[in-house]
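What the coordinates show
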Amino acid sequence: MTPQYPPSIYLASQSPRRRELLQQIGVAHQVINADVVEVPRIHESPSDYVQRLAQEKARAGWANVERQQLQVAPVLGADTIVVINNEILEKPRDAEHGALMLRKLAGTDHQVMTAVAVVIEDQCSIKLSVTDVVFRPLDEHEIAAYWKTGEPCDKAGGYAIQGLGAVFVQQIRGSYTGVVGLPIEQTVALLAEFGVSYWQSI
C-alpha cells in the first residue's frame, strides 16, 4: 500500500522556474533551504553527478525539516546541467565564460540533464531526464547582446529556453520542462510514489 503523506511538499530549490512548474500542475509546496557543494568528483559522469546533487539537495532539505521540526512532508530536490561532448556546462562565472559556452553550443547539439529526487525519512527515489537540444549557428554580436540582457547569468549552460534564449533553439528531442528545470512526467511519477497528487486544488 502506498504511504499517504500531507498533499504538499517542500521544494529544496530557490529556482522560480521550478516553483512555476509545480504551480502549473497544481502541487502545493513550500521552499526550504538546501545548500550543497556543486563540484563534480573525479571521474564522475555527468549523469551520476546531476543525480547525486539532486539527492543531496533533497536530503539537505529533509535535514532542515527535521531540524526546524516542521510538518512532515516529502522534500523534492532537483539539479540541471548542460552537457556537450561529456563536458558539464553549469552557470557562467562572467561574460567571457558565458560567451565561451554559447560558442561551444552554437550550431550543434547538446544534452540537458535534470535529475529529480524525493526524500522523506529514510525513503529516497530519483529519476533522470535527458533531452537533446540543437542550437542554430550564433554570431558574436548576438552572443554579446544576450549576455547584456542579464538572463544567462544564473542559467545552466548560459541560456534559458523559456526566455530570450529560445531564439537559439532549432530543435529539442525529449522533455521541454526538463530543459526548463523540472521534468513534469518524471516529477509526477515520483510524487505519486509518495502519495502526493497533482491538481490539488481541483
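Structure report, in brief.

Scoring rules and cut-offs
Position numbers for residues count from 1 along each chain, tracking the sequence in the order it is written. Selection of residues for local features in this predicted model requires a pLDDT of at least 70, selection of side-chain atom pairs for listing and counting requires 80 or more, and totals for whole chains, interfaces and linings are taken over all residues. Heavy atoms from the whole structure form the basis of all side-chain values; hydrogens and water molecules are not counted. Put simply, two rings from Phe, Tyr or Trp (the six-membered ring, in Trp's case) pair if the centres are within 6.5 Å, and we call them stacked under 30 degrees between planes, edge-to-face over 60, tilted for the rest. Only protein chains enter the accessibility calculation, which uses a 1.4 Å probe; a residue whose area is less than 20% of its type maximum is buried, one above 50% is exposed, and one in between is partly exposed. Only protein atoms enter the 1 Å grid used here. Points where a 1.4 Å probe fits but cannot escape make up a cavity, open sets with protein on both sides within 12 Å along at least five of seven lines make up a pocket, and a residue lines them when an atom lies within 4 Å of a point. Grid points are joined across faces, edges and corners, and a volume is the space filled by probe spheres set on the points. Residues are grouped as follows: Ala, Val, Leu, Ile, Met, Phe, Trp, Tyr, Cys and Pro are nonpolar; Asp, Glu, Lys and Arg are charged; every other residue, Gly included, is polar. Salt bridge criterion: a side-chain nitrogen from Lys or Arg within 4 Å of a carboxyl oxygen from Asp or Glu. Numbering of helices and strands runs from the N terminus, with a helix taken as a DSSP run of H or I at least four residues long and a strand as a DSSP run of E at least two residues long. Here a polar contact is recorded for every N or O atom pair within 3.5 Å, except that within protein the pair must consist of a potential hydrogen donor and a potential acceptor, and residues adjacent in sequence are included only if both atoms are side-chain atoms. Residue contacts follow a heavy-atom distance rule, with two residues in contact if any of their heavy atoms lie within 4.5 Å.

Regarding the packing of aromatic side chains
Enumeration over the complete set of coordinates arrives at four aromatic pairs. Ring plane angle 90° and centroid distance 5.1 Å describe the contact between Tyr198 and Trp199, whose orientation is recorded as edge-to-face. Relative accessible area serves as the criterion here: at 41%, Tyr198 is assigned to the partly exposed category. When its relative accessible area of 53% is taken as the criterion, Trp199 is described as exposed. Pairwise contacts between aromatic rings join Phe135, Tyr146, Tyr159 and Phe168 into one cluster.

Let's talk about empty space enclosed by the protein
Under the criterion given, the structure shown has one cavity of 30 Å³ or more. Here the largest cavity is characterised by a volume of approximately 40 Å³. Looking at the largest cavity, the residues that line it are Pro92, Ala95, Gly98, Ala99, Leu102, Ile143, Tyr146, Trp147, Pro152 and Gly158. Of the residues that constitute the lining of the largest cavity, the class distribution is eight nonpolar, two polar and no charged.

Details of the pattern of salt bridges
What the rule picks out here adds up to ten salt bridges. Of the charged contacts in the structure, one is a salt bridge between Arg41 and Glu56, with a shortest N-O distance of 3.7 Å. Note that Arg41 is positioned in the loop between β2 (29-31) and α2 (46-67) and Glu56 in helix α2, a separation of 15 residues in sequence. For Glu56, the salt bridge identified is with Arg52, shortest N-O distance 3.1 Å. Of the two residues, Glu56 and Arg52 both sit in helix α2, four residues apart, roughly one turn of that helix. Using a relative accessible area of 26% as the deciding quantity, one classes Glu56 as partly exposed.

Some points on the layout of surface pockets
If you add up the space inside the largest pocket, you get close to 600 Å³. Forming the boundary of the largest pocket are 31 residues, of which Ser15, Arg17, Arg18, Lys91 and Asp154 lie nearest the centre. Among the secondary structure elements, those contributing two or more residues to the lining of the largest pocket are α1 (16-24), β3 (75-84) and α5 (176-180). When residues in the lining of the largest pocket are grouped by element, the largest group, four residues, is from β3. Partitioned by chemical class, the residues of the lining of the largest pocket number 14 nonpolar, seven polar and ten charged.

Re the environment of Thr149
Relative to the helices and strands, Thr149 is located in the loop between α4 (140-148) and β7 (169-173). Owing to a relative accessible area of 42%, Thr149 belongs among the partly exposed residues under this scheme. Considered as a pair, Thr149 and Leu164 are 15 residues apart in the sequence and their alpha carbons are 8.6 Å apart. A distance of 2.6 Å separates a polar side-chain atom of Thr149 from the backbone oxygen of Tyr146. A polar atom in the side chain of Thr149 sits 3.2 Å from the backbone nitrogen of Glu151.

Things to note about the environment of Phe168
With respect to the helices, strands and loops of the structure, Phe168 is situated in the loop between α4 and β7. A residue is classified by how much of its surface remains accessible, and Phe168, at 2% relative accessible area, is buried. Residues Phe168 and Arg136, 32 residues apart in the sequence, show an inter-C-alpha distance of 5.8 Å. The contacts of Phe168, once residues within four sequence positions are left out, are Leu102, Val134, Phe135, Arg136, Leu138, Glu142 and Tyr146.

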